[in-house]
Structure formats: C-alpha cells, structure tokens
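Structure at a glance
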Amino acid sequence: MQTTLTKPFKIEGIGLHSGKTFSVDVLPAPADTGIRFRRTDVRHCDFTRITPYNVSSTQLATTIDCGGLPISTIEHLAGSFYGVGVDNAFVEVSGPEVPILDGSAAPIVALILEAGVSRLDKPRRILKVTRPVSVGLDGKTVEIVPCDGFSINFELDYAHPVVGRQIFDYTFDESSFVSEIAFARTFGFKREVDALWSMGLAKGGSLETAVVIDDGGVLNPGGLKAPDEFVRHKILDMFGDLSLIGYRLMGRITAVKSGHQVNNIFARALLEASNSYEIIESPGKSPVSGAEEQRAIA
Ligand SMILES: [Zn+2]
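Quick summary incoming for the structure in this document. Not measured: the values here are computed from a predicted model. (Residues numbered from 1 in each chain as written. Predicted model: local features only at pLDDT ≥ 70, side-chain atom pairs only at ≥ 80, totals over all residues. Heavy atoms only, no water.)

Around the zinc ion, the protein contributes the donor atoms H76 (NE2), H233 (NE2) and D237 (OD), at 2.0 to 2.1 Å from the metal centre. Every donor residue of the zinc ion comes from the same chain, spaced as H-x156-H-x3-D. On the criterion of sequence distance, the pair formed by H76 in helix α1 (residues 75-84) and H233 in helix α5 (residues 229-243) is long-range, its members being 157 residues apart. Each of the two residues, H76 as well as H233, counts as buried. (Donors = N, O, S within 2.8 Å, 3.2 Å for Na, K, Ca; no water. Helix = DSSP H or I, 4+ residues; strand = E, 2+ residues; numbered from the N terminus. Buried < 20%, exposed > 50% of the residue type's maximum accessible area, 1.4 Å probe, protein only.)

On to a nonpolar patch on the surface, then. A cluster of nonpolar side chains, namely L60, M199 and L201, defines an oily patch on the protein surface of about 280 Å² accessible area. Relative to the helices and strands, L60 resides in the loop between β6 (55-57) and β7 (63-66). (Patch = residues over 30% accessible without salt bridge, like charges linked within 9 Å, V, L, I, M, F, W, Y side chains within 5 Å. Areas by Shrake-Rupley, 256 points an atom, 1.4 Å probe, with all protein chains shown as cover. Salt bridge = Lys/Arg side-chain N within 4 Å of Asp/Glu carboxyl O.)

Time to look at the pairing of strand β4 (residues 35-39). Taking every second residue as pointing to the same face, the buried face of β4 carries I35, F37 and R39, while none of R36 and R38 on the other face is buried. Relative to strand β9 (residues 89-93), β4 runs parallel, the two being bridged by five bridges. Counted as the bridge partner of R38 is E92 from β9. (Pairing = 2+ DSSP bridges.)

A word on the packing of aromatic side chains. Summed over the entire model, instances satisfying the criterion amount to 14 aromatic pairs. A centroid spacing of 4.9 Å and a plane angle of 75° characterise the contact between F187 and F230, whose relative ring orientation is edge-to-face. Separated by 43 residues along the polypeptide, F187 in strand β16 (residues 187-189) and F230 in helix α5 bring together distant segments of the chain. Of the two residues examined, F187 and F230, each falls in the buried class. Through a chain of ring-to-ring contacts, the aromatic side chains of Y82, F150, Y170, F172, F177 and F239 assemble into a single cluster. (Phe/Tyr/Trp six-rings, centres within 6.5 Å; stacked < 30°, edge-to-face > 60°.)

Here we take up the pattern of salt bridges. If charged atoms from side chains of opposite charge come close, those side chains can pair. Evaluation of the coordinates by the stated rule reveals 17 salt bridges. Of the charged contacts in the structure, one is a salt bridge between E174 and R124, with a shortest N-O distance of 3.4 Å. With E174 in the loop between β15 (164-171) and α3 (176-182) and R124 in the loop between β10 (117-119) and β11 (126-129), the pair connects residues that are 50 residues apart, well separated along the chain. Three or more residues are tied together by salt bridges with common partners; here these are D87, R124, E174 and R248.

Read across the open sheet, the five strands follow the order β2-β3-β9-β4-β5; overall the sheet is mixed. The sheet terminates laterally at β2 (9-14) and β5 (48-49), the two strands that pair on one side only. Two elements, β4 and β5, share two bridges in a ladder whose sense is antiparallel. Directly across from R36, in β5, lies its bridge partner R49. Along the sheet, α1 contacts β2, β3 (21-28), β4 and β9; its crossing angle with β9, the most-contacted strand, is approximately 160°. (Contact = heavy atoms within 4.5 Å. Axes fitted to C-alpha atoms, helices over the stretch in contact; angles between N-to-C directions.)

Before going further, it helps to examine helix α2 (residues 106-115). Residues of α2 that are buried include every one of I108, V109, I112 and A115, and no others. Angular distribution of buried residues about the axis of α2 spans 125°; they occupy a single face of the element. Taken together, the buried residues of α2 touch β1 (3-5), β2, α1, β10 and α3. Immediately downstream of α2, the backbone of G116 shows phi near 95°, a positive value. (Arc of directions from axis to C-beta.)

Everything listed here is a matter of coordinates, which is why it stays silent on function.
So this is what it looks like as structure tokens:
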C-alpha cells in the first residue's frame, strides 16, 4: 500500500550554493499526492508535484522548478523518501535550497523514521520494466533491464588516487537502504571547491557538508565512513533523481559514471519508452501497459 508520514518533521541547515540557513517542513499527504514541493518565502506558490520534467538544472545538485521558482538540492530528500518507502508528502521550503546537512541522507532518514511512516488505503503503483532501456552521454551510461525487484550496479571511475574505480552492486530494500546507502556523503575535490568558491559558488561547501579530497587524501578529520563511500553516494543521488519518476521501480540498473544530468535524461527516456514497461497495482489486478498509462496521463 501507499504510505505517508505519521506526523510532520522539520529540517534546518545551510544551503550548498548560498551558505545561507533554510528550513524545510515535511508534512503528511493523502494517497496519490506524490511528493510535492512549495516555497514559503514567496506568496501564492502552490505545491508542485516533482517529476523528471520539473528538473531545471543539474549543476552541482538537482534543482526543480516550482511555480517558476527554483528549489535546489532536492535529491537527498527525494532519495530518502524512496529509500525508506514514503510515497506521499508535502514539502515546504523557506527559500531556494534544501539544506545540505552533512551531505548524506542519514539525518533526513533519521527524521523520517522518528516521525513514522503510515500506510494509506490505496495500492502502490510499480513501473515494471519489460524491455531494456538505455541512455548514454559522453561515456556516461545508464541501462535498465527486466528483473524482479530493484537493483543498481554503479561503476564510478575517477582518475584520482583516493577515488579511483569503485563498483557497488546494491539490491534495494527499505531496511538496507539505511545501513548501505543513506550514510554516504557527497564529495568534492579541493581544487574544484576552491574554483567554485572563487566564482562565488558552493558557499555552503565545507568539511561539515561534504567529503573533500586533495591529492594526498581525504581532508575530513574523521576520514571516510566506508572505503567505497563515493560510489555509494552516487547510488543515493540516483535514488533521488529516479524517484522523480513517481512509481516504485522494478528492474535492474547498470550505471557507469552517471550523475544528475544523465540520471535525469534516463528518467525521462524511461517514462517515454512506453512499450518497455507496464504499471502494476495491487496483486490480482491486471497490469496496464506503459502506452495505455501514457494515454491516461495525457
Ligand atoms: Zn548527492
């Protein structure tokens, strides 16, 4: 069945881009709401349901367009909802950024679990892949093939001694998401952070909000939370970006070097490949073909 939060919760912290403090109120929502965002610092901003087509920028983070206004860095919050199984929520943001917190989903997941997840009275809708769908751009690729369940095999390859080539094969379930993926922090290279700062960008980037690496190693005093924290974070980002599709997913993903941009291209391509999936509701109900579903949405 679909779910929502049992009670509201609040997130507070600085934004990655501006370094300013923002707050987010996350509220329970009825079945079939999906995840809807709105800005509370401007008048008359209605809730917008997030989809891959609302994504207006994938620079540094995923930014959505919400009634003509940007809300950035939504991916760790959106990925947390998918990861612990929250289908419906209203999200009110006090400005243009969701706080980056420690750069991972762990603080958000802890707040969701503390608020509680409640079942609603409507079945979940699952996008079941029936034929492969793939995209590629500049050597970055994402492919999904039919599979019972949902898994992501991610390969990251940076020509850097600390990161190098990392592969992580993650079979999704709502309990292992917390222990395997949620803790992995975003990361950046010191020289790139310096360059961003000199352009007045990533003002909220620091050792408190990201893993920062230079040629000698990890600069954070506590080091890494796992040797392959980098690739695990890439999988977290993928959860966030693909959660915008709006269905639970059934298929096996193989991704190589992908990031927010290619994740978004893939999310759109998958939705549009309506002959390559069907939508399943509760057991016993016959599946709806992707093409029929697309006509229903249109
Ligand atoms: Zn991220």
